[in-house]
Amino acid sequence: MEELFVYAMLCCVGFDAWPVYTETLDRLFLGDQENEEYLSLEEMPPKHAVLHTLSVMQREKLDVEVFGKTFVKIMRQVYENTELEYLSRKMVSLWDKLPLTIALEEPFWYLSFVDEYLPHDEQGCRELWEKLLHFYD
């Protein structure tokens, strides 16, 4: 589910992550067809599925390390394929979607201020991104 959580957050803040969200959901459902949550999500319209996924994320007791590694893996791809300023400006909104228990943990809290470096300190912004993206290495 961690992958779905990240893709749902990306959808909510304006990234075109719906195709990969649906691919991931399909793969998870095919691997566990008895999972009621996956079945329910498969049957929902896109907006409802994303919002429901976020509500599940808020009530789940997430393993910070498992979620973090998944989050960083996906965000590396987003970072490599997105203009730095656009990406950084979206991160406060993405950070707001995280459960509070995770949002205040390192490296997630970096998202709450990564945009403050721009436009005057692009190097500082990149260094913070590198710190976040290599936190679990």
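That block above? That's the structure.
Thresholds, definitions, all that
Throughout this document, residue positions are counted from 1 along each chain, in the order its sequence is written. Only residues with pLDDT of at least 70 get local features here, since the model is predicted, and only at 80 or more are side-chain atom pairs given and counted; chain-wide, interface and lining totals rely on the full set of residues. Side-chain figures throughout are based on the complete set of non-hydrogen atoms in the structure, without hydrogens or water. Every helix listed is a DSSP run of H or I at least four residues long, and every strand listed is a run of E at least two residues long, numbered separately from the N terminus. What a helix is expected to span follows from its residue count: subtract one and scale by 1.5 Å. Relative accessible area decides the class of each residue, using a 1.4 Å probe on protein chains only: under 20% of the type maximum gives buried, over 50% gives exposed, and in between gives partly exposed. In this description, the arc belongs to the directions extending from the helix axis to the C-beta atoms. We call two residues in contact when some of their heavy atoms are within 4.5 Å. Fitting a line to C-alpha atoms yields each axis, with helices limited to the stretch in contact; the angle taken between N-to-C directions then spans 0 to 180 degrees. The sense of a crossing depends on the near helix, which, turned anticlockwise from the far helix by less than a right angle, makes the crossing left-handed and, turned clockwise, makes it right-handed.

Attention now goes to helix 2 (residues 18-31). Note: α-helices contain 3.6 residues per turn, so residues at a spacing of three or four share the same orientation. In this model helix 2 runs 20 Å from its N-terminal to its C-terminal C-alpha over 14 residues, within 8% of the 20 Å that 1.5 Å per residue would give. Those residues of helix 2 lying buried are Tyr21, Thr24, Leu25, Leu28 and Phe29. Taken around the axis of helix 2, the buried residues stretch over an arc of 130 degrees, which confines them to a single face. Every exposed residue of helix 2 that faces more than 90 degrees away from the buried side is listed here: Glu23, Leu30 and Gly31. Where helix 2 is buried, its residues contact helix 1 (2-12), helix 3 (36-43) and helix 4 (46-59).

What follows is about the packing of helix 6 (residues 84-97) against helix 8 (residues 122-133). Helix 8 packs onto helix 6 with a crossing angle of 65 degrees between their chain directions and a minimal axis gap of 11 Å. Where helix 6 crosses over helix 8, the two elements pack in a sense that is left-handed. Here Leu84, Leu87, Ser88 and Met91 of helix 6 lie close against helix 8, whose contacting residues are Glu122, Cys125, Arg126 and Trp129.

Let's shift gears to the environment of Val78. Among the structural elements, Val78 can be located in helix 5 (residues 64-80). Once the C-alpha coordinates of Val78 and Leu100 are considered, the two residues, 22 residues apart in sequence, prove to be 23 Å apart. For Val78, the residues in contact, after removing those within four places along its chain, are Leu10, Phe15 and Leu87.

Glancing now at helix 8. Taking 1.5 Å as the rise per residue, helix 8 with 12 residues should run 16 Å; its terminal C-alpha atoms sit 16 Å apart, in good agreement. Taken together, the buried positions of helix 8 are occupied by Gly124, Cys125, Leu128, Trp129, Leu132 and Leu133. Against helix 5 and helix 6 lie the buried residues of helix 8.

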